Amino acid sequence: MKKEIICTVCPMGCHILVEGEGENIISVTGNTCKRGEVYASAEFCHPVRILTTTVKTDCEKTPLVAVRSEKPLPKEKIMDCMEVIRKVEVKTPVSMYDVVVENICGTGTNIVATGNV
Ligand code: SF4
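Remember, it's a predicted structure, so these values are computed and weren't measured experimentally.

Reading guide: rules and limits
- Sequence order as written defines the numbering, with residues in each chain counted from 1.
- Local features in this predicted model are restricted to residues whose pLDDT is 70 or higher, and side-chain atom pairs enter the listing and the counts only when it is 80 or higher, whereas totals over whole chains, interfaces and linings include all residues.
- To qualify as a helix, a DSSP run of H or I must reach at least 4 residues; to qualify as a strand, a run of E must reach at least 2; elements of each kind are numbered from the N terminus.
- Computation of the radius of gyration draws on C-alpha atoms, with the globule rule given as 2.2 Å multiplied by the number of residues to the power 0.38.
- As a rule, residues whose C-beta atom has 12 or fewer other C-beta atoms within 10 Å are exposed, those with 20 or more are buried, and those in between are partly exposed; C-beta atoms are placed from the backbone.
- This entry defines residue contacts through backbone-placed C-beta atoms, with two residues in contact when those atoms are within 7 Å.
- Strand pairing is assigned whenever DSSP detects at least two bridges linking the two strands.
- For our purposes the nonpolar core covers buried Ala, Val, Leu, Ile, Met, Phe, Trp, Tyr and Cys residues that link as a set through C-beta atoms within 7 Å.
- Multiplying 1.5 Å by the helix residue count minus one yields the expected span of that helix.
- As used here, the arc is the angular range of directions from the helix axis to the C-beta atoms.

**Here we look at the overall build of the protein chain**
Helices and strands together make up the secondary structure of the protein chain, namely 2 helices and 10 strands. Mapped in sequence order, the helices and strands of the protein chain form the string β-β-β-α-β-β-β-β-α-β-β-β. Its C-alpha atoms give the protein chain a radius of gyration of 18 Å, more than 25% over the compact-globule value 13 Å for 117 residues. Expressed as lengths along the three principal axes of its C-alpha atoms, the size of the protein chain is roughly 55 × 30 × 15 Å. Residues counted as buried form 21% of the 117 residues belonging to the protein chain. Put simply, of all contacts in the protein chain between residues at least 6 apart along the chain, 44% involve residues at least 24 apart.

Structure follows, in structure tokens:
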């Protein structure tokens, strides 16, 4: 299997082609530096994303607060995490970095507020 991955480690945004099967990487090409090879290899085997979204609050004036995952989450868990977050309503006041959902979907990662309400 071949997969093109855009490296997000630096603003160059190199297009890296990774060839492999599962966790067995056969070749990595198109990277300009070693950091890109490491990033693309990890992304090929275990793609992760920082989840950013909003959750409801109990405040009529400010009904939403921005949140994000403290660490990148496995890409395949993002939809499950969104399903959990969609049902959450936080009690105000909420401060930046307050934990809104602890250990979301058993990933070991918390969802935290990135704003104040
Ligand atoms: S491969 Fe290296 S130079 Fe290219 S985007 Fe990634 S970190 Fe930047």
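**Description of the pairing of strand β5 (residues 52-57)**
Pairing geometry for β5 and strand β6 (residues 64-69), over 5 bridges, is antiparallel. Residue pairing for β6: T54 is matched across the bridge by A66. The turn joining β5 and β6, which pair antiparallel and follow one another in sequence, is formed by 6 residues. Here β5 runs beside strand β8 (residues 89-90); their pairing, made up of 2 bridges, is parallel. The residue bridging K56 from the neighbouring strand is E89, located in β8.

**A closer look at the nonpolar core**
What tends to happen in soluble globular proteins is that the nonpolar side chains get buried as a cluster. Core analysis: the biggest nonpolar cluster contains 13 residues, and V55, V65, V67, C81, V100, I111 and A113 have the highest contact counts within it. Formed by 7 residues, the second largest nonpolar core is a distinct cluster that contains I5, I16, V18 and Y39.

**A few points about helix α1 (residues 34-45)**
Its 12 residues place the ends of α1 17 Å apart at the C-alpha level, agreeing with the 16 Å of an ideal helix rising 1.5 Å per residue. Buried residues of α1: G36, Y39, A40 and F44, and no others. Along the long axis of α1, the arc covered by the buried residues comes to 130°, so they all point the same way. Packing partners of the buried residues in α1 comprise β1 (2-6), β2 (15-21) and β3 (24-29).

**Some points on the environment of V88**
Within the secondary structure, V88 sits in the loop between α2 (78-86) and β8. For V88 and K56, which are 32 residues apart along the polypeptide, the C-alpha to C-alpha distance reads 6.5 Å. Setting aside residues no more than four positions away along its own chain, V88 makes contact with V55, K56, V100 and V101.

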